[in-house]
Amino acid sequence: MPNLSEYTDIKKKIINLIVHDRECVDLISNTTGKPLPAVDLIQTSKLTNQIHPYDFMPGSTEQAECHVGIEVYDDKIINNAVARYEVDILIFVPTVLMVMDGGVRRDAIAAAIDRLVNNNLSLGIGEVRRIPGACKEPMDGYRLRILRYRVGNYNNLGETLNAFRYD
């Protein structure tokens with residue numbers, strides 16, 4: 001897709017996977033049985049909600065909720081038809097919700113999202129590979145895990161190209 005529309009397209013496709021997945025929705029919302037697709041988790045112009053199409057960071061005064069932000073960055077321009085992008089998925093979990101029976105919520109959300117995104121060829125955005133991420137304490141009361149993915153084999157001219165290398 002030309003003219004950097006892939007920034008929005010990639011984000012929308014990943015968000016769509018998340019809101020249609022029972023495990024992701026239950027972990028992010030800290031509930032069970034929320035109707036799918038859980039579009040009410042997606043940020044709108046009127047409500048902050050919990051899934052954000054940008055590198056969202058919760059404020060220290062917000063209620064204790066999990067948040068997922070998605071950001072897309074330019075990586076390497078291979079030629080005039082192929083570019084590579086990096087996608088960051090930021091998983092913010094309040095400290096009070098970190099520990100859950102049988103594990104850590106931040107890790108469980110990361111594993112559930114990775115199951116949907118990593119090596120997924122049906123996203124329509126080319127090959128997706130996980131690359132090293134990070135864990136941080138972005139502010140008091142929250143923990144953050146950043147999942148990073150490299151999107152390859154992307155054609156800016158709208159044609160199918162099969163050759164792609166990771167350098």
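In this text the structure is predicted, and so the values were computed from the model without any measurement.

Reading the values: the criteria
Residues numbered from 1 in each chain as written. Predicted model: local features only at pLDDT ≥ 70, side-chain atom pairs only at ≥ 80, totals over all residues. Heavy atoms only, no water. Phe/Tyr/Trp six-rings, centres within 6.5 Å; stacked < 30°, edge-to-face > 60°. Helix = DSSP H or I, 4+ residues; strand = E, 2+ residues; numbered from the N terminus. Contact = heavy atoms within 4.5 Å. Core = buried A, V, L, I, M, F, W, Y, C linked by side-chain atoms within 4.5 Å. Buried < 20%, exposed > 50% of the residue type's maximum accessible area, 1.4 Å probe, protein only. Salt bridge = Lys/Arg side-chain N within 4 Å of Asp/Glu carboxyl O.

Caption draft 1: Looking closely at the packing of aromatic side chains. Scanning the entire structure with this criterion turns up one aromatic pair. Considering the side-chain rings of Tyr54 and Phe56, the 6.0 Å spacing of their centres and the 75° angle between planes classify their relative orientation as edge-to-face.

Caption draft 2: Structural context of the environment of Pro138. Looking at where Pro138 falls in the secondary structure, it is placed in strand β6 (residues 128-139). Sequence separation of Pro138 and Pro58 is 80 residues, and the distance between their C-alpha atoms is 9.4 Å. Setting aside residues no more than four positions away along its own chain, Pro138 makes contact with Met57, Phe92, Arg143 and Leu144.

Caption draft 3: Examining the nonpolar core more closely. One finds Ile18, Val87, Ile89, Ile109 and Ile113 to be the most contacted residues of the largest nonpolar core, which totals 35 residues. Among the secondary structure elements, those contributing two or more residues to this core are α1 (6-19), α2 (22-29), β2 (67-77), β3 (82-94), α3 (95-98), α4 (105-117) and β7 (142-155). In terms of residue count, the dominant contributor to this core is α4 (seven residues). Every residue in contact with Ile109, bar those within four places of it in the chain, is listed here: Leu27, Ile28, Cys66, Val68, Ile91 and Val93. Judged by nonpolar contacts, the second largest core, of six residues, contains Phe92, Met139, Tyr142 and Ile146.

Caption draft 4: Geometry of the pattern of salt bridges. Under the criterion given, the structure shown has 11 salt bridges. Where Asp21 meets Arg115, a salt bridge forms, and the shortest distance between an N and an O atom there is 3.1 Å. With Asp21 in the loop between α1 and α2 and Arg115 in helix α4, the pair connects residues that are 94 residues apart, well separated along the chain. With a relative accessible area of 11%, Asp21 lands in the buried category. Look at Arg115 and you get partly exposed, because its relative accessible area is 45%. Taking the shortest distance from any N to any O, the salt bridge between Asp40 and Lys34 comes out at 2.9 Å. Among the ionic contacts, a cluster of salt bridges with common partners joins Asp21, Glu23 and Arg115.

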